[in-house]
Amino acid sequence: MKIMRILLLLAVCLALAAPAGTAQSDTGTAYDLIAAVNTLRQNQGLAALETNGALMAAAQGQSDYLAATYGTSPPTWDMGHVGAGGTTVRDRAVAAGYPLSAGWNVLENWAAARSGTDVSTIVYSMWSDASHWNQMVSADAVHVGAGVSESGGMVYFILNLGVKYGSGGTSAGVAATIPTAAVTARVAPVRVSTPDSGGAIIHVVQIGQALWSIAGAYDVTVDQLIALNNLSANAVIYEGQELLIQVGYTPTVSPTVTLTPRPPTRTPVPQQTAQELEDEEDEGGSSSLLNMDRRTMGMLLVLVCGIGLALIVLGTAGKERGRKKPPRDDASERPSDDLFS
């Protein structure tokens, strides 16, 4: 019984002494990740990479940092390469003891996935874009280091590559291509989502899916996915991440016509002008004359014209009689010549 207690206590101590956050069984170790990368290189006709202790320490330190800092919410692509204190991959490699001289560089791939994601999915799917792929199959890569850490069901993978430019050809590598048909079989199929009530399409990333495979399933480009989701050019996606495929439409609201009652128009009151009584009577007579029908007015005009014509005729006749009066005989009035003879 005493021995059993000692064994249990020893087991607890060993569990506590294990590195915190390092993923082992469900996903695979850092060495499993290196083995998958070397298998890829051998399939491409390239030499296997040599494991380097300094790069191993730098990679594991970065995976532990990401797991402790971001947990189940992975950072953006560019922030995944930033270490504690704002360090870069070169800073971390040099700090771990990796000698960097002229013509040497350290490259880094990182990814985040749900627990249980195997390392082959990381290599052949999540790192299948041109940027990550070219680094893994670079003919100039010589050394390798890896780190795998888990936090809350999210696993972080780090791959560091020591590259000596010109050691095996150009830095682009002799097999720097997108995965071939033999490799793409590992990529999980993409089930297309249907638009929601607003017309938007949201895709939930599943294990084994990559940006290029999702873009192909929805007949869009990778650049469109990156722009819609504010991703970096070499963004790393993870299981459960929601990607916007299509923006929903905004319904146009028909304007409501509001009838505004027209205010009543005030009738202006005419200004009253005092007038004399006879003017009112004249106005009344004029009004009566204007209101006379056309027949009566015609008869009245004929009568007036007839009276005028008669007056003219009578005046003319009187003048004619005055002109035809016999001359006056003044002989009887003149004195007789006999009186003066």
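All of the points below concern the structure found in this document.

Rules used in this analysis
Residues numbered from 1 in each chain as written. Predicted model: local features only at pLDDT ≥ 70, side-chain atom pairs only at ≥ 80, totals over all residues. Heavy atoms only, no water. 1 Å grid on protein atoms, 1.4 Å probe; cavity = no way out; pocket = protein on both sides within 12 Å on 5 of 7 lines; lining within 4 Å. Points joined across faces, edges and corners; volume = space filled by probe spheres on them. Helix = DSSP H or I, 4+ residues; strand = E, 2+ residues; numbered from the N terminus. Core = buried A, V, L, I, M, F, W, Y, C linked by side-chain atoms within 4.5 Å. Buried < 20%, exposed > 50% of the residue type's maximum accessible area, 1.4 Å probe, protein only. Contact = heavy atoms within 4.5 Å. Pairing = 2+ DSSP bridges. Expected span 1.5 Å × (residues − 1). Polar contact = N/O pair within 3.5 Å; in protein donor to acceptor, adjacent residues only side chain to side chain. Phe/Tyr/Trp six-rings, centres within 6.5 Å; stacked < 30°, edge-to-face > 60°. Axes fitted to C-alpha atoms, helices over the stretch in contact; angles between N-to-C directions. Parallel < 35°, antiparallel > 145°, perpendicular 65-115°, else oblique. Left-handed = near helix turned anticlockwise from the far one by under 90°. Nonpolar A, V, L, I, M, F, W, Y, C, P; charged D, E, K, R; others polar.

1. Considering the layout of surface pockets
Here the idea is plain: a probe the size of a water molecule rolls over the atoms and shows the empty space left.
Turning to step 1, where the next piece is worked out: Taken as a whole, the second largest pocket encloses approximately 160 Å³ of empty space.
Turning to step 2, where the next piece is worked out: If you go around the second largest pocket, you meet 12 residues; those closest to its centre are Pro75, Thr76, Trp77, Leu231 and Gln241.

2. A few points about the environment of Ile207
Turning to step 1, where the next piece is worked out: Residue position: Ile207 is located in the loop between strand E5 (201-204) and helix H8 (211-217).
Turning to step 2, where the next piece is worked out: Considered as a pair, Ile207 and Ala113 are 94 residues apart in the sequence and their alpha carbons are 7.7 Å apart.

3. Some details on the nonpolar core
Turning to step 1, where the next piece is worked out: Formed by 32 residues in total, the largest nonpolar core has its most connected members in Val123, Trp127, Met136, Phe157 and Leu159.
Turning to step 2, where the next piece is worked out: Residue assignment for this core shows that the elements contributing at least two residues are helix H2 (30-43), strand E2 (104-114), helix H5 (119-126), helix H6 (130-136), strand E3 (141-151) and strand E4 (154-164).
Turning to step 3, where the next piece is worked out: Those residues in contact with Trp127 that sit more than four places away from it in its chain are Leu33, Asn109, Trp110, Ala111, Ile122, His132, Trp133, Met136, Phe157 and Leu159.
Turning to step 4, where the next piece is worked out: Counting residues in each nonpolar core, the second largest holds 12 residues, with Ile214, Ala215, Leu225 and Ile226 among its members.

4. Digging into the pairing of E3
Turning to step 1, where the next piece is worked out: In terms of residue burial, E3 counts as a mostly covered element, since 8 of its 11 residues are buried.
Turning to step 2, where the next piece is worked out: For strand E1 (residues 50-51) and E3, the ladder comprises 2 bridges, and the chain directions are parallel. Looking at E3, one finds that Thr51 is bridged to Val144.
Turning to step 3, where the next piece is worked out: With 10 bridges connecting them, E3 and E4 associate as antiparallel partners. Residue Ala141 lies in a different strand from E4, and its bridge partner there is Val163.

5. Comments concerning helix H3 (residues 53-70)
Turning to step 1, where the next piece is worked out: Compared with an ideal rise of 1.5 Å per residue, which puts 18 residues at 26 Å, H3 spans 26 Å between its outermost C-alpha atoms and is within 8% of the ideal.
Turning to step 2, where the next piece is worked out: Along H3, the positions that sit buried rather than exposed are Ala54, Leu55, Met56, Ala58, Ala59, Gln60, Gln62, Ser63, Leu66 and Ala67.
Turning to step 3, where the next piece is worked out: In the core, the buried residues of H3 are packed alongside H2, E1, helix H4 (89-95), E2, E3 and E4.
Turning to step 4, where the next piece is worked out: With a side-chain oxygen lying 3.0 Å from the backbone nitrogen of Ala54, the N-terminal cap of H3 falls on Asn52.

6. Quick look at H2
Turning to step 1, where the next piece is worked out: For H2, with 14 residues, the first-to-last C-alpha span of 20 Å sits near the 20 Å given by 1.5 Å per residue.
Turning to step 2, where the next piece is worked out: For H2, the full list of buried residues reads Ala30, Leu33, Ile34, Ala36, Val37, Asn38, Leu40 and Arg41.
Turning to step 3, where the next piece is worked out: Contacts made by the buried residues of H2 are with E1, H3, H5, H6, E3 and E4.

7. A closer look at the environment of Leu100
Turning to step 1, where the next piece is worked out: With respect to the helices and strands, Leu100 occurs in the loop between H4 and E2.
Turning to step 2, where the next piece is worked out: The class for Leu100 is partly exposed, based on a relative accessible area of 25%.
Turning to step 3, where the next piece is worked out: Along the backbone, Leu100 and Gly162 are 62 residues apart, and their C-alpha atoms lie at a distance of 9.0 Å.
Turning to step 4, where the next piece is worked out: Apart from the residues lying within four places of it in its own chain, the contact partners of Leu100 are Arg90, Val94, Asn105 and Val106.

8. Let's talk about the pairing of E5
Turning to step 1, where the next piece is worked out: Across the two faces of E5 the burial differs, with Ile201 and His203 buried and Ile202 and Val204 not buried at all.
Turning to step 2, where the next piece is worked out: Two strands pair when backbone bridges link them, and E5 and strand E6 (residues 242-246) are joined in this way by 4 bridges, in the antiparallel orientation. Within the sheet, the bridge partner assigned to His203 lies in E6 and is Leu243.

9. A short note on the packing of aromatic side chains
Turning to step 1, where the next piece is worked out: Taken as a whole, this structure holds 2 aromatic pairs when the rule is applied.
Turning to step 2, where the next piece is worked out: Residues Tyr98 and Trp104 carry aromatic rings whose centres are separated by 6.4 Å and whose planes lie at 70° to one another, so their mutual orientation is edge-to-face. Here Tyr98 matches Trp104 in class, with each residue buried.

10. Examining the sheet that holds E3
Turning to step 1, where the next piece is worked out: The 4 strands are arranged E1-E3-E4-E2 in an open sheet whose pairing can be described as mixed. The open sheet is flanked by E1 and E2, the only strands paired with a single partner.
Turning to step 2, where the next piece is worked out: Strand contacts of H2: E1, E3 and E4, with the helix running at about 140° to E3, the strand carrying the most contacts.
Turning to step 3, where the next piece is worked out: Where H3 meets the sheet, it contacts E1, E2, E3 and E4, and its direction lies at approximately 30° from that of E3.

11. A few points about the packing of H2 against H5
Turning to step 1, where the next piece is worked out: Relative to each other, H2 and H5 sit at 45°, their axes nearing to 8 Å. When the interaxial angle is binned, H2 and H5 end up oblique. Here H2 and H5 pass one another in a crossing that is right-handed. Contacts between H2 and H5 involve Asp32, Leu33, Ala36, Val37, Thr39, Leu40 and Asn43 from the first element and Val119, Val123 and Tyr124 from the second.
Turning to step 2, where the next piece is worked out: Split by residue class, the contact of H2 with H5 holds 7 nonpolar, 2 polar and 1 charged.

Read these as layout, nothing more, since geometry by itself doesn't imply function.
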